[in-house]
Amino acid sequence: MNNPKSPIPKSETADTDPGFDSEVALLIDLLKLGTFIGGPMREGVADPMNITTTDLRVVLALGGEGELAGHELSEIMGVAPMNVSRAVSSLIERGLVEPGFDQTNRRRKPVRLTDAGQALFARTLPAMAKVSADLFKGVPARDREAFRRTAATILDRIGRWMT
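Residues numbered from 1 in each chain as written. Predicted model: local features only at pLDDT ≥ 70, side-chain atom pairs only at ≥ 80, totals over all residues. Heavy atoms only, no water.

1. A word on the pairing of strand E3 (residues 110-113)
And step 1. Pairing analysis gives two bridges linking strand E1 (residues 68-69) to E3, with the strands arranged antiparallel. Within E3, the position partnered with Leu-68 by the bridge is Val-111.
And step 2. Bridge count for strand E2 (residues 97-99) against E3 is three bridges, and the pairing is antiparallel. Looking at the pairing, Val-97 lines up with Leu-113 of E3. (Pairing = 2+ DSSP bridges. Helix = DSSP H or I, 4+ residues; strand = E, 2+ residues; numbered from the N terminus.)

Next up, the structure:
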């Protein structure tokens, strides 16, 4: 948002590169999106809240999913277990996350947001609304909804690859 000359390459499509069929071009665009979405989330959400992007992802995962163990966070976030462990430790030290308890499996060590963590999660929503308003500016509502439905389908299919 602050950089007038974007380092992000333009989207390649089947129309501009005959070497890609439209599904491969779309997959490449999704990979780029996954790579570059972190910038606006860092600048617009994480930095103003004085947390790292990995911390933000942990807070969002716990806020959205509830108690999770480290390996579950790692899978959901697509982040190495060591990085998740460091982020969780940092968030525990800051009083934003606390150990949970799994009554059915004593070996499982879930964590959950504290009241302060829940408050931080609540503050992320308006910040994300500002980021999304900027990113989706000019994109018609029907296109945003179609993208959301498509993303849900793709996420469901990705889940099958991970089992």
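2. Regarding unusual backbone geometry
And step 1. Phi at Asn-50 is positive, roughly 60 degrees, even though this residue is not glycine.
And step 2. Tracing the backbone shows Asn-50 in the loop between helix H2 (38-46) and helix H3 (53-65).

3. Topic: the environment of Ala-122
And step 1. Within the fold, Ala-122 resides in helix H6 (residues 115-135).
And step 2. For Ala-122, a relative accessible area of 44% corresponds to the partly exposed category.
And step 3. Considering only alpha carbons, one finds Ala-122 and Val-59, 63 residues apart in sequence, at a separation of 10.0 Å. (Buried < 20%, exposed > 50% of the residue type's maximum accessible area, 1.4 Å probe, protein only.)

4. Topic: helix H1 (residues 22-36)
And step 1. Taking 1.5 Å of rise per residue, the 15 residues of H1 would be expected to cover 21 Å, and the 21 Å separating its terminal C-alpha atoms lies within 8% of that figure.
And step 2. A distance of 3.0 Å separates the backbone nitrogen of Glu-23 from a side-chain oxygen at the start of H1, and that oxygen is part of Asp-21. (Expected span 1.5 Å × (residues − 1). Polar contact = N/O pair within 3.5 Å; in protein donor to acceptor, adjacent residues only side chain to side chain.)

5. Re the environment of Arg-42
And step 1. By the secondary structure assignment, Arg-42 is in helix H2.
And step 2. Remark: the alpha-carbon pair of Arg-42 and Thr-54, spanning 12 residues in sequence, is separated by 9.6 Å.

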